[in-house]
Amino acid sequence: MFYVVGTPIGNLEDITFRAIKVLKEVDYIFAEDTRVTKKLLSHYEIEKTVYQYHEHNKLHQITNIINLLNDEKKIALVTDAGTPCISDPGFELVNEILKAGIKVVGIPGASSIVTGASISGLDMRRMAYEGFLPKKKGRQTLFNKLKEEERTIVILESPNRILKTLKDIKEYLGERYVVITRELTKIYEEIIRGNISEIIEKLEEKPIKGEIVLFIRAINDDGVYLKTIKTE
């Protein structure tokens, strides 16, 4: 049996009873960074063998994992934070396991995307998830496509590139309302909301750090969701 296990995105208490139970019961755990995962396991007093599974060793490890599963071993896949297989190489592993006729079970957990969306105040009934943007090749092409996107756009970004991304959004998509969520569930959690020009000016004065999820309000969304309520 193969388990895809959601883990905390910051606060170690954001993990389900079921996830803890599965991590205790499996034979092996495969993790993006074993050091990060071992901290989580230590917190919950779980002693388990942990191996690396990441972008640079995935071809080798996929074969190993499938061989272990064929030997009826129970294996869990975790990522550094949140739910695996979202913007990481886990989806390729799951695909190969399914093709081998082995059952895959998802153990729900925290997600910075869903958590950020829930507190963004934006209409998330329809959204376009772009993940991490291309750094160079294909970046301009993508932004030109996003000009016509009618859904709320969701982007993952690093603190080193967030300012450049905001400036690109302003250049290609125009003046838009955005929400930045960073370091969710951690001590320095912060939500920044406003028109993109205001946010750019703010970040030029005071750069931000940490994991970032950026939400761009839909092009035809005026932000007024209850038309009958009057505000003074």
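Rules behind the numbers
Residues numbered from 1 in each chain as written. Predicted model: local features only at pLDDT ≥ 70, side-chain atom pairs only at ≥ 80, totals over all residues. Heavy atoms only, no water. UniProt positions renumbered as here; feature names shortened; annotations may be inferred. Pairing = 2+ DSSP bridges. Helix = DSSP H or I, 4+ residues; strand = E, 2+ residues; numbered from the N terminus. Axes fitted to C-alpha atoms, helices over the stretch in contact; angles between N-to-C directions. Buried < 20%, exposed > 50% of the residue type's maximum accessible area, 1.4 Å probe, protein only. Arc of directions from axis to C-beta. Contact = heavy atoms within 4.5 Å. Phe/Tyr/Trp six-rings, centres within 6.5 Å; stacked < 30°, edge-to-face > 60°. Parallel < 35°, antiparallel > 145°, perpendicular 65-115°, else oblique. Left-handed = near helix turned anticlockwise from the far one by under 90°. Nonpolar A, V, L, I, M, F, W, Y, C, P; charged D, E, K, R; others polar.

If you check an unreviewed UniProt entry, the protein appears there as Ribosomal RNA small subunit methyltransferase I from Leptotrichia alba. Note on the protein: under the UniProt heading Catalytic activity (unreviewed entry), the record states "cytidine(1402) in 16S rRNA + S-adenosyl-L-methionine = 2'-O-methylcytidine(1402) in 16S rRNA + S-adenosyl-L-homocysteine + H(+)".

## Describing the sheet that holds strand β5 (residues 104-107)
Ordered by their spatial adjacency, 5 strands build an open sheet running β3-β2-β4-β1-β5, and the pairing between neighbours is parallel. In the strand order of this sheet, the two ends are held by β3 (49-52) and β5, each with one partner. Shown here is a sheet whose adjacent strand axes are inclined to one another by a mean of 25 degrees, direction ignored. Across 4 bridges, strand β2 (residues 28-31) lies against β3 in parallel orientation. If you follow Phe30 over to β3, its bridge partner there is Tyr51.

## Notes on helix α4 (residues 90-99)
Within the sequence span of α4, burial applies to Gly90, Leu93, Val94 and Ile97. The arc that holds the buried residues of α4, viewed along the axis, is 100 degrees, so those residues lie on one side. Of the surrounding elements, those touching the buried residues of α4 are β1 (2-5), α3 (58-70), β4 (75-78) and β5.

## Thoughts on helix α1 (residues 17-25)
Within α1, burial applies to Ala19, Ile20, Val22 and Leu23. With its buried residues spanning 165 degrees around the axis, α1 presents them on a single face.

## Considering the environment of Leu59
Here Leu59 lies in helix α3. Given the relative accessible area of 70%, Leu59 is considered exposed. Between the alpha carbons of Leu59 and Glu92 there is a distance of 9.4 Å; along the sequence they are 33 residues apart.

## Considerations on the sheet that holds strand β8 (residues 177-182)
Strand order in this open sheet of 5 strands is β6-β7-β10-β8-β9, and the pairing throughout is mixed. Looking along the sheet, the strands with just one partner apiece sit at the ends: β6 (127-132) and β9 (190-195). Pairwise comparison of adjacent strand axes, ignoring direction, gives a mean angle of 15 degrees for this sheet. Pairing of β6 with strand β7 (residues 152-157) involves 5 bridges; the strand directions are parallel. Across the sheet, Tyr129 pairs through a bridge with Val154, a residue of β7. Packed onto the sheet, helix α8 (residues 196-205) meets β8 and β9 and runs at close to 130 degrees relative to β9.

## Examining the packing of aromatic side chains
In total, this model carries 3 aromatic pairs according to the counting rule given. Ring centres of Tyr28 and Tyr51 lie 5.9 Å apart, and the angle between their planes is 50 degrees; on these two criteria the pair is classed as tilted. Of this pair, Tyr28 sits in strand β2 while Tyr51 sits in strand β3, placing them 23 residues apart in sequence. With centroids separated by 5.5 Å and ring planes inclined at 35 degrees, the aromatic side chains of Phe30 and Tyr51 adopt a geometry described as tilted.

## Quick look at the UniProt feature "domain: Tetrapyrrole methylase" (unreviewed entry) in the protein
According to UniProt, the positions carrying the feature "domain: Tetrapyrrole methylase" (unreviewed entry) are residues 1-199. Across residues 1-199 one finds 38% helix and 22% strand; the C-alpha atoms that close the span lie 47 Å apart.

## Overview of the packing of helix α7 (residues 162-173) against α8
At their nearest, the axes of α7 and α8 sit 10 Å apart, and the two run at 155 degrees to each other. Judged by the angle between their axes, α7 and α8 are roughly antiparallel. Remark: the crossing between α7 and α8 carries left-handed chirality. Seen from α7, the contacting residues are Ile162, Leu163, Leu166, Lys167, Ile169 and Lys170; seen from α8, they are Ile196, Ser197, Ile199, Ile200, Leu203 and Glu204. Class assignment for the residues of the contact of α7 with α8 results in 8 nonpolar, 1 polar and 3 charged.

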